[in-house]
Amino acid sequence: MAATATAQRTEEIVDGLAGLEGPLLPILHAVQEAFGYVPDEALPKIAEKLNLSRAEVHGVVSFYHDFRKEPAGRHVLKLCRAEACQAQGAEALVAQAKARLGVEFHATAKGGAVTLEPVFCLGLCACGPAAMVDGKLIGRLGAAQLDAILAEFGA
Amino acid sequence: MKIYVPRDAAARALGADQVAEAVLREAKARNIDVTLIRNGSRGMVFLEPLLEVERDGIRQAFGPVAAAEVPALFEAGFGAHPKALGPTEEIDWLKRQTRLTFARCGVVDPLSLADYEAHGGLVGLRKALALPPEAVVAEVKDSGLRGRGGAGFPTGIKWETVRKAEAAQKYIVCNADEGDSGTFADRMLMEGDPFCLIEGMTIAGLATGATRGYVYIRSEYPDAIAVMEAAIAAARTAGLLGASVLGSGRGFDLWVRAGAGAYVCGEETSLLNSLEGKRGVVRAKPPLPALEGFLGRPTVVNNVISLASVPVILAKGATFYQSFGLGRSRGTIPLQIAGNVQRGGLFETAFGLTLGEIVDDIAGGTRSGRPVKAVQVGGPLGAYFPRALFDTPFGYEEFAGQDGLIGHAGLAVFDDSADMLHMARFAMEFCAIESCGKCTPCRIGAVRGVETLDRIARGDGAAVEILTDLCNTMKLGSLCALGGFTPYPVMSALTHFPDDFRSAHREAAE
Ligand SMILES: Cc1cc2nc3c(=O)[nH]c(=O)nc-3n(C[C@H](O)[C@H](O)[C@H](O)COP(=O)(O)O)c2cc1C
Ligand code: SF4
Ligand code: FES
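Residues numbered from 1 in each chain as written. Chains lettered and ligands numbered in written order. Predicted model: local features only at pLDDT ≥ 70, side-chain atom pairs only at ≥ 80, totals over all residues. Heavy atoms only, no water.

**Some details on the sheet that holds strand β8 (residues 253-258) of chain B**
Residues and elements named next belong to chain B.
Move 1: Read across the open sheet, the four strands follow the order β8-β7-β6-β9; overall the sheet is parallel. Both outer strands of the open sheet, β8 and β9 (299-303), are each paired with one neighbouring strand and no more. For this sheet, the mean inter-axis angle between neighbouring strands, taken without regard to orientation, is 20°.
Move 2: Relative to β8, strand β7 (residues 212-217) runs parallel, the two being bridged by six bridges. Looking across to β8, one finds that R212 is bridged to D253. (Pairing = 2+ DSSP bridges. Helix = DSSP H or I, 4+ residues; strand = E, 2+ residues; numbered from the N terminus. Axes fitted to C-alpha atoms, helices over the stretch in contact; angles between N-to-C directions.)

Set out below in structure tokens:
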């Protein structure tokens, strides 16, 4: 998307939310929702409108794990790495996904097909290992099911 | 015919949506008039998706149900079937609980205010409206309720500070960041009985003179966010929230805010910074959030379960609530039994069960069938307990006395295949990833901790002493419990499972 179009869409988003108490996180969520990530070109507009420095906005974006600096792959696979899921075999699934995709966490594999990310608890700790696949929650994920998901994604 | 299939995220993650679709499809094909209710979870995650059918006013349970089994259930007229569990309320796991905070969760339609009232909702709020604010605060104080978010601070005392603070605007902030592994009580409550949290926050507002509130929900909980937003909208329409709460002329309103994937934002001052749109860096205390919180104004920050326990305290009285429990741990606690267990889920009970009763009896031991090796209690900052400490009763002081903590009451059970050096390393790695960066012992110390554990794993026994020193430095030199308590899982692993840190043993295991 051209820089001006990005700035324009960002301006609309900021205008809609600037009246909130503490509007920056809702704005960043909305920007990411609109573009799939938080583009650098959006930051000056947000800073200007909220009366912040660009460095301040950048500092906030970089603090939170949720905000992407670049677009994700066509699919996003998040695997829970936290303790209760580890107790149920999560590590083996992580190894399986990394091996099949040929990437580590925070990377996009197979020509943009899948982004692999860690997550620390999805609140499914009594039915782990847990995963979130394109926003959908999966409990008691098994090796065969993980393979099937990745196959479906062409990976 | 009334059929219940939970909309709870855990139930959905196990196929509840497909079961619900199958129910509607089958009902249509058989020309049966079915009212499908998407309730919350009863907390028996090991039985999810749990389908219930109401017959003669009694709910009959079936579970865990697969979508493919639904036609057979209809064929059997929801009678005899291998998945039949009998009347829900008679299921032993449920019957043994004391459900005060979760009394309605899984029972009602989460978004029906009428259902909420029919099951005892709003009684506490009506009482609070009839009392002067100081009497409401006194009731909460007398109940003995302590913060369920982890620190265990008396809720009534916090409210008292905010009540007495003079300010044009005060706030109620609900901490729904629930980042601890092994915990899901906040999520279940918000998804299964959102009006209960709304009622609790409204009572907090009336008691302290706060007229605005926020629920800060972690972004990993999209279902909880959606249900809370819908419930708040319904509450506003019904006049439960807004300029005149239930026509009292006193105002309180409430908004949902989503987190952005930072564990440290569960720490209350980090959360407030995040809510203000800043980096989630921890603030030094004082000033207390109760005096200078959100936007520098007096703010109550309470966990979901603390706030959701207030309606029943007001409705049934402080004496009733504090009659449950042990020592200085009064009332009930929703245990969240997780990890490698036969029967995992949410079990609300009075404080005081021993860890062994919880793990062996209620959870039924491991799902893998292997011996239990360790239980991490209280999330990633909580200690690993060996079987030798299974006689520890569940209470704040009792766990602190064993160099542990109950935290938000999550229990992650591990079988004997767990490598405790690996778990100690993970604790340090997690701290390094999630540190807010303010203090050196936490930010740098955790990275050193990972390196030191790697040295130990390679057979460098001398590094054990370095690890111990490092843990002491983190304990003493950290501003908040992320850096300050990461030594709990690390040192408990080292103390209780020394073999896992010995090179000879490690080689033999490999
Ligand atoms: C690193 C860290 C993470 C925390 N995470 C949470 C959390 O997710 N939910 C919560 O209620 N409290 C959490 N707390 C505790 C809060 O700082 C605070 O004590 C609590 O929200 C107060 O509410 P309560 O008195 O009702 O427990 C955390 C504390 C620390 C140090
Ligand atoms: S202990 Fe860690 S997380 Fe806590 S304030 Fe210090 S650096 Fe931040
Ligand atoms: S630990 Fe994986 S879902 Fe909670």
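The structure having been displayed, the exposition proceeds.
**Some details on the sheet that holds strand β13 (residues 345-350) of chain B**
Residues and elements named next belong to chain B.
Move 1: With respect to topology, five strands assemble into an open sheet ordered β13-β12-β16-β14-β15, the strand pairing being mixed. At either margin of the open sheet sits one strand with a lone partner, and together these are β13 and β15 (384-386). Each strand axis lies, on average, 30° off the axis of its neighbour in the sheet, ignoring direction.
Move 2: As judged from the three bridges shared by strand β14 (residues 372-377) and β15, these two strands associate in the antiparallel manner. When the bridges of β15 are listed, A374 appears paired with P386.

**Regarding the site of ligand 2**
Move 1: Neighbouring ligand 2 are 13 residues, the closest being C436, K438, C439, C442 and C480 of chain B.
Move 2: Its residues placed into classes, the shell around ligand 2 shows eight nonpolar, four polar and one charged. (Near = heavy atom within 4 Å. Nonpolar A, V, L, I, M, F, W, Y, C, P; charged D, E, K, R; others polar.)

**Quick word on the pairing of strand β3 (residues 51-55) of chain B**
All names here are of chain B.
Move 1: The pairing of strand β1 (residues 2-4) with β3 spans three bridges and is antiparallel. Note that in β3 the partner of K2 across the bridge is E54.
Move 2: Two elements, β3 and strand β4 (residues 58-62), share five bridges in a ladder whose sense is antiparallel. Across the sheet, the residue bridging to L51 is F62, located in β4.

**Let's talk about the site of ligand 1**
All names here are of chain B.
Move 1: Lining the immediate surroundings of ligand 1 are 19 residues, of which G149, N175, N302, N303 and S306 lie closest.
Move 2: One of the backbone nitrogen or oxygen atoms of G149 is found 2.7 Å away from an oxygen atom of ligand 1.
Move 3: For ligand 1, an oxygen atom lies 2.6 Å from a polar atom in the side chain of S306.
Move 4: Its free accessible area being 610 Å², ligand 1 has 92% of it covered by the protein chains.
Move 5: Residue assignment for the shell around ligand 1 shows that the elements contributing at least two residues are β9 and α21 (481-485).
Move 6: The element that contributes the greatest number of residues to the shell around ligand 1 is β9, accounting for three residues.
Move 7: Across the shell around ligand 1, the residue classes break down as five nonpolar, eight polar and six charged. (Polar contact = N/O pair within 3.5 Å; in protein donor to acceptor, adjacent residues only side chain to side chain. Areas by Shrake-Rupley, 256 points an atom, 1.4 Å probe, with all protein chains shown as cover.)

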